[in-house]
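Secondary and tertiary structure notes
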Amino acid sequence: MWEHACEVDDEARRITFPERSNPSWALELDSSAKNLLLKELQVVGFRPLEQQIAFIRAVLGRAPNLERVVLREDLEPCEDCDAMARPSCSSTGHVFPKNKSEQSVIVTQVTDGIISSAQIFFGS
């Protein structure tokens, strides 16, 4: 995923990523594709986007030994994105869940229908 609006026209990005693609986030949970070693998943720059929630749900379904999911706010704002007033990576435009109520909603969205003993933590 390319999150920085400030780098959309950057020549290095075009060389590294010549084609933009929209990956499918709807993953089938195949019991043979489990990661038995994964104990902790950290997502830095978490925003409650459908793609991020789908990814975390897929990991929960594939990693039976997962103990913790840590969702962190990106504390390093991008000044170039802020200057463009683009919320994709702006320090003022993201919607990281701040209070217990918002966090509870995210936990419900992530774990609904998923069998996992992993605990979900929010940090900055």
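Along each chain, numbering runs from 1 in the same order as the chain's sequence is written. It should be noted that, the model being predicted, local features are given only for residues of pLDDT at least 70 and side-chain atom pairs only at 80 or more, the latter also being counted only at that level, while totals for whole chains, interfaces and linings use all residues. As a rule here, side-chain values come from all non-hydrogen atoms in the structure, and water together with hydrogens is ignored.

**Structural notes on the nonpolar core**
Note on soluble globular proteins: their nonpolar side chains tend to be buried together. Counting 17 residues, the largest nonpolar core has Ile56, Leu60, Leu66, Val69 and Leu71 as the members making the most contacts within it. Every helix listed is a DSSP run of H or I at least four residues long, and every strand listed is a run of E at least two residues long, numbered separately from the N terminus. Those elements that place two or more of their residues in this core are strand 1 (40-44), helix 2 (50-62), strand 2 (68-72) and helix 4 (100-111). The element that contributes the greatest number of residues to this core is helix 2, accounting for 4 residues. Not counting residues up to four positions away in its chain, the partners in contact with Leu71 are Val43, Phe46, Ile56, Phe96, Ile106, Ile120, Phe121, Phe122 and Gly123. Grouping buried Ala, Val, Leu, Ile, Met, Phe, Trp, Tyr and Cys residues that are joined through side-chain atoms within 4.5 Å yields what is termed a nonpolar core. Burial classes follow relative accessibility: with a 1.4 Å probe on protein chains only, a residue under 20% of its type's maximum area counts as buried, one over 50% as exposed, and anything between as partly exposed. Contacts between residues were defined by any pair of non-hydrogen atoms, one from each residue, lying within 4.5 Å.

**As for the pattern of salt bridges**
One side-chain nitrogen of Lys or Arg within 4 Å of one carboxyl oxygen of Asp or Glu is enough to make a salt bridge. What the rule picks out here adds up to 3 salt bridges. Among the salt bridges present, the one from Glu67 reaches Arg68, with a minimum N-O distance of 3.3 Å. The class of Glu67 is partly exposed, set by a relative accessible area of 38%. Residues joined in a network through salt bridges with shared partners are Glu40, Glu67 and Arg68.

**Observations concerning the confidence of the model for the protein chain**
The predicted coordinates ought not to be read in detail in places where the model reports low pLDDT. The predictor reports its confidence for every residue as pLDDT, a score running from 0 up to 100. Per-residue pLDDT for the protein chain averages 74, and the proportion of residues at 70 or more is 56%. Mean pLDDT per element in the protein chain: helix 1 (residues 11-16) is the minimum at 60, and helix 4 is the maximum at 95. Note that residues 86-94 has pLDDT below 50 and, in this model, 19 contacts with residues that lie over four places away or in other chains.

**Comments concerning the packing of aromatic side chains**
To describe a pair of aromatic rings, you give the distance between the ring centres and the angle between the ring planes. Side-chain rings of Phe, Tyr and Trp, where Trp is taken by its six-membered ring, are said to pair if the distance between their centres is within 6.5 Å; with planes under 30 degrees apart they count as stacked, over 60 as edge-to-face, and otherwise as tilted. Tallied over the full model, the rule gives 2 aromatic pairs. Each ring, one from Phe46 and one from Phe96, has its centre 6.4 Å from the other, and the planes form 85 degrees; the classification is edge-to-face. Of this pair, Phe46 sits in the loop between strand 1 and helix 2 while Phe96 sits in the loop between helix 3 (79-84) and helix 4, and the two are 50 residues apart along the sequence. We note that Phe46, like Phe96, is buried. The interplanar angle of 75 degrees and the centroid separation of 6.2 Å between the aromatic rings of Phe96 and Phe122 together place this pair among those described as edge-to-face. Here Phe96 is found in the loop between helix 3 and helix 4, whereas its partner Phe122 is found in strand 3 (residues 119-123), with 26 residues between them in sequence. Of the residues examined, Phe96 reaches a relative accessible area of 7% and is grouped as buried. By relative accessible area, Phe122 is classed as partly exposed at 21%.

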